[in-house]
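Here is what each chain is made of, one letter per residue.
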Amino acid sequence: MIVQNIIYPEISEEEKELFFRGNALTDKNGILHLQAGERIVFDTYMNVFDAGIWREYTGITNWKISFEACGNGRISLYRFYEGTRTLVSFKEICDREDVSDYIFFEEKGNALYYLQIEAKDDFRLKRAIFSTEALSKREVCIGTVICTYHREKQLLQNLEKVKASLFFKKGTEYFGKLNLCVIDNASSLPEQKEKSLVICHNSNTGGSGGFSKGMEYVRQHKEYGITNVLLMDDDVDFYMESFYRMYALLSLRKNEMQNRVIAGRMFRADKKYIQYTKTEIWNRSEILHTGWMQDMRKVECLPWMNLQEGEYSGWWFACFSMEFVQKEKPLPFFLHCDDVEYGLRLGTVPMALNGIQVWHETYEYRQSPVITYYDVRNSLITNAICGCSIGRRDLWALWTQKLTDYLKQGNLEYYYATILGLYDFVMGARRFYREDIEKHHNRLKTRISRTNRQKAWWCLKVIYVRLMVCYKKIQNAYRRENK
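Since this is a predicted model, take the numbers as computed values, not measurements. (Residues numbered from 1 in each chain as written. Predicted model: local features only at pLDDT ≥ 70, side-chain atom pairs only at ≥ 80, totals over all residues. Heavy atoms only, no water.)

## A look at the sheet that holds strand β17 (residues 274-277)
Taking strand neighbours across the sheet as the criterion, the four strands line up as β20-β17-β16-β22 in an open arrangement whose pairing is mixed. The open sheet has two free edges, formed respectively by β20 (294-295) and β22 (357-360), since each of these has just one partner strand. The pairing of strand β16 (residues 265-268) with β22 spans four bridges and is parallel. Bridge pairing links M266 to V358 in β22. (Pairing = 2+ DSSP bridges. Helix = DSSP H or I, 4+ residues; strand = E, 2+ residues; numbered from the N terminus.)

## So, the packing of aromatic side chains
In this structure the tally under the stated criterion is 37 aromatic pairs. Geometrically, the ring pair formed by F49 and F105 is edge-to-face, given 6.3 Å between the ring centres and 85° between the ring planes. With F49 in strand β6 (residues 49-50) and F105 in strand β8 (residues 84-106), this residue pair connects regions lying 56 residues apart in the sequence. You can call F49 buried: its relative accessible area is 0%. Look at F105 and you get buried, because its relative accessible area is 6%. Above the ring of F80, the side-chain terminus of R85 is found at 4.4 Å from the ring centroid. (Phe/Tyr/Trp six-rings, centres within 6.5 Å; stacked < 30°, edge-to-face > 60°. Buried < 20%, exposed > 50% of the residue type's maximum accessible area, 1.4 Å probe, protein only. Lys NZ or Arg CZ within 6 Å of the ring centre and 35° of its normal.)

## Considering the packing of helix α8 (residues 392-409) against helix α9 (residues 412-426)
Helix-helix packing is characterised by the crossing angle of the two axes and by the distance between the axes. With their axes 8 Å apart at the nearest point, α8 and α9 run at an angle of 160° to one another. Regarding the angle of α8 to α9, the classification is roughly antiparallel. Of the two elements, α8 crosses α9, and the hand of that crossing is left-handed. Residues W399, L403, Y406 and L407 of α8 form the contact with α9, whose participating residues are L412, Y414, Y415, T418, I419 and L422. A breakdown of the residues in the contact of α8 with α9 according to their chemical character gives nine nonpolar, one polar and no charged. (Axes fitted to C-alpha atoms, helices over the stretch in contact; angles between N-to-C directions. Parallel < 35°, antiparallel > 145°, perpendicular 65-115°, else oblique. Left-handed = near helix turned anticlockwise from the far one by under 90°. Contact = heavy atoms within 4.5 Å. Nonpolar A, V, L, I, M, F, W, Y, C, P; charged D, E, K, R; others polar.)

## What to know about the sheet that holds strand β11 (residues 178-184)
Within a sheet, adjacent strands bond to each other through the backbone by hydrogen bonds, running parallel or antiparallel. The seven strands are arranged β12-β13-β11-β10-β14-β21-β15 in an open sheet whose pairing can be described as mixed. Two strands in the sheet have a free side with no partner beyond their single neighbour: β12 (192-193) and β15 (262-263). Strand direction decides the pairing type here: strand β14 (residues 228-233) and strand β21 (residues 317-321), joined by five bridges, are antiparallel. If you follow L231 over to β21, its bridge partner there is A318.

## Observations regarding the side chain of K177
Mapped onto the fold, K177 is located in the loop between α2 (152-163) and β11. We classify K177 as buried; its relative accessible area is 19%. If we ignore the near neighbours within four places in the chain, the residues touching K177 are E139, V140, C141, I142, F167 and Y247.

## Brief notes about the nonpolar core
Ranked by size, the top nonpolar core spans 93 residues in total, and within it F42, W54, L125, F243 and M246 carry the most contacts. The next biggest cluster of nonpolar side chains, apart from the first, holds 37 residues, and it includes Y312, Y415, L422 and C470. (Core = buried A, V, L, I, M, F, W, Y, C linked by side-chain atoms within 4.5 Å.)

## What to know about the packing of helix α7 (residues 369-386) against α9
At a minimum axis distance of 8 Å, the contact between α7 and α9 shows a crossing angle of 30°. One element, α7, and the other, α9, form an angle in the roughly parallel class. Both α7 and α9 take part in a crossing whose hand is right-handed. Residues P369, T372, Y373, V376, R377, L380, I381 and A384 of α7 pack against E413, Y414, A417, T418, L420, G421, L422, D424 and F425 of α9. The residue makeup of the contact of α7 with α9, split by class, is eleven nonpolar, three polar and three charged.

## Some thoughts on the pairing of β21
Along any regular strand the residues' side chains alternate between the sheet's two faces. With five of five residues buried, β21 lies mostly within the body of the structure. The two faces of β21 match: F317, C319 and S321 on one face and A318 and F320 on the other face are all buried. Pairing analysis gives two bridges linking β15 to β21, with the strands arranged antiparallel. Bridge pairing links A263 to A318 in β21.

Everything listed here is a matter of coordinates, which is why it stays silent on function.
Here you go:
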């Protein structure tokens, strides 16, 4: 079974060292060309093979690197562990026609492996793959749920990319192993209902409502044989290699790891070589991003890139077991914190693997008073449900300081949005769980714009009294209603 393709797409010079080091050119057919005397090394984030993490996840220790090439040169396999590089084996290629060859290797420790190519004359690499002769442990079919709202261009490009992949090509091991379910909260795309691609109209219930409807669709269609559900944003960029590696990991991972979420990292859309986050730690809403802002072109990042850490995965790319999705539904947060609470409810450490990631616009580009409202309200609800809230007096001191900062900055809209988020939290669980989330969202901008200092002071008085008098009851109600 193929577990990792070595890929070398046409990319900018600044991104190149995510894929390989040295001078080479990729043509439109995906063939890598080297001239005489050139050398390239695949000790990179996208192409190094982490035999240690694959052993940890699957128990497999025997692997094979296969390649197809032509020309005059040498292909070498190296082992990289604790800063030491050791030549494992090499193959000499000297043929104008395509030659296929392979190298077997065994790894019972935690080493990385990578290829190096040295061209003595013109040399072309057509393909290189890491694989195992171990049999797949289980049948896998991935139900991919995408929630969208007026992002037709990016979404349709992504759908075309997936439909052009091996998952839709007859005769491959991937064919029929991935279905797409798009929930269109704007109802702007034509509805479509096929086994491989469904587009459903939905009222604007936000990301949480859209993903919930997609999960419900997957639950209802048991005849599709879905084993895992991938939640993915509509505006991300990605390589299909992320899906192929995820498919291999789902097929081969140990039984005791079946309920763990597979986390797709987020790389920055504006600086594509920067990993914004690998997995997340909630930290009572002061979120910690593991692997935050790392330049993944650097060799020193490689030994630690797949370290198992974090509490949950963001829904820009997160793959859950169908068993968990069958039992658990996201909360009606509209947006933000739905992925946090759902992941904390799962309660397992996310599985991360190099090459499974998306490129996405980061948090600082997505701020607004409305988003601030949801961040405030939903983080407080999440803390209440998870039992990690701070004390009432500390909470009051924290938020009054933030409100004071907004006033000093002259950000009245953010000031009012924060107060409304606090107010709606203290008004309790019954209101949150029973409210029509589309109507609530539609009224939100008006509520913020119509709030003035007098109304804000009145809300603050209510917030203070309810925090001091019934804070524990408020928290218990959120937990009770969530069961």
